[in-house]
Amino acid sequence: MRFVLDTSYSEEELQFLREHDCEILSEIKLSKTNFSETETPRRIFKYGRTYIAEILDDEAGEPVWAVLTKWKGFYRFSDCYDSLEALEQGL
């Protein structure tokens, strides 16, 4: 499945992405996804060798940054962070 992504970031987010030499993705093709309705990625960037996606938290309905992982052949989201600062400390 191909996801077309939003590439609009705030100036604060762009500063974080530049500081960490992140790559902003405009689209991504992921086969074998098992995302819930709230897990559809809105924006994705590559942080080192890790893909980070903005998704909606299924409980609070607020955007969070989640690590995209592949487990048993399926893509899913693991660790979630409520801010880029928390993401930086968690990774």
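Residues numbered from 1 in each chain as written. Predicted model: local features only at pLDDT ≥ 70, side-chain atom pairs only at ≥ 80, totals over all residues. Heavy atoms only, no water.

**So, the packing of aromatic side chains**
With the rule as written, the count across this model stands at four aromatic pairs. Ring geometry for F16 and Y47: centres 6.1 Å apart, planes at 15 degrees, overall stacked. Of this pair, F16 sits in helix α1 (residues 11-19) while Y47 sits in strand β4 (residues 43-47), and the two are 31 residues apart along the sequence. Y47 shares its class with F16; the two are buried. Plain terms: the ring middles of F35 and F77 are 4.7 Å apart, the flat faces sit at 25 degrees to each other, and that makes the pair stacked. In this pair, F35 is assigned in the loop between β3 (27-29) and β4 and F77 in strand β7 (residues 74-81), connecting sequence segments 42 residues apart. Residue classification places F35 among the buried positions, given a relative accessible area of 17%. Residue F77 is classed as buried on the basis of its relative accessible area of 8%. (Phe/Tyr/Trp six-rings, centres within 6.5 Å; stacked < 30°, edge-to-face > 60°. Helix = DSSP H or I, 4+ residues; strand = E, 2+ residues; numbered from the N terminus. Buried < 20%, exposed > 50% of the residue type's maximum accessible area, 1.4 Å probe, protein only.)

**Here's the deal with the pattern of salt bridges**
Between side chains of opposite charge, a pair can form as their charged atoms come close. Enumeration according to the criterion identifies four salt bridges in this entry. For R43, the salt bridge identified is with E54, shortest N-O distance 2.9 Å. Of the two residues, R43 is situated in strand β4 and E54 in strand β5 (residues 50-56); the sequence distance between them amounts to 11 residues. Salt bridges sharing common partners tie together E13, R43 and E54. (Salt bridge = Lys/Arg side-chain N within 4 Å of Asp/Glu carboxyl O.)

**Points about the side chain of E54**
For E54, a relative accessible area of 10% translates into the label buried. Beyond its immediate sequence surroundings of up to four residues, E54 is in contact with T40, P41, R42, R43, P63, V64 and W65. (Contact = heavy atoms within 4.5 Å.)

**Let's talk about the nonpolar core**
Generally speaking, soluble globular proteins have nonpolar side chains that are buried together. Ranked by internal contacts, the top residues of the largest apolar core, which has 13 residues, are I28 and F77. Where this core is concerned, the elements lending two or more residues are β5 and β6 (63-71). Looking at this core element by element, the count peaks at three residues for β6. Excluding residues within four positions of it along the chain, I28 makes contact with M1, R2, F3, L5, I44, Y51 and L68. Among the nonpolar cores identified, the runner-up in size contains 12 residues, and C22, Y47, V67 and Y81 belong to it. (Core = buried A, V, L, I, M, F, W, Y, C linked by side-chain atoms within 4.5 Å.)

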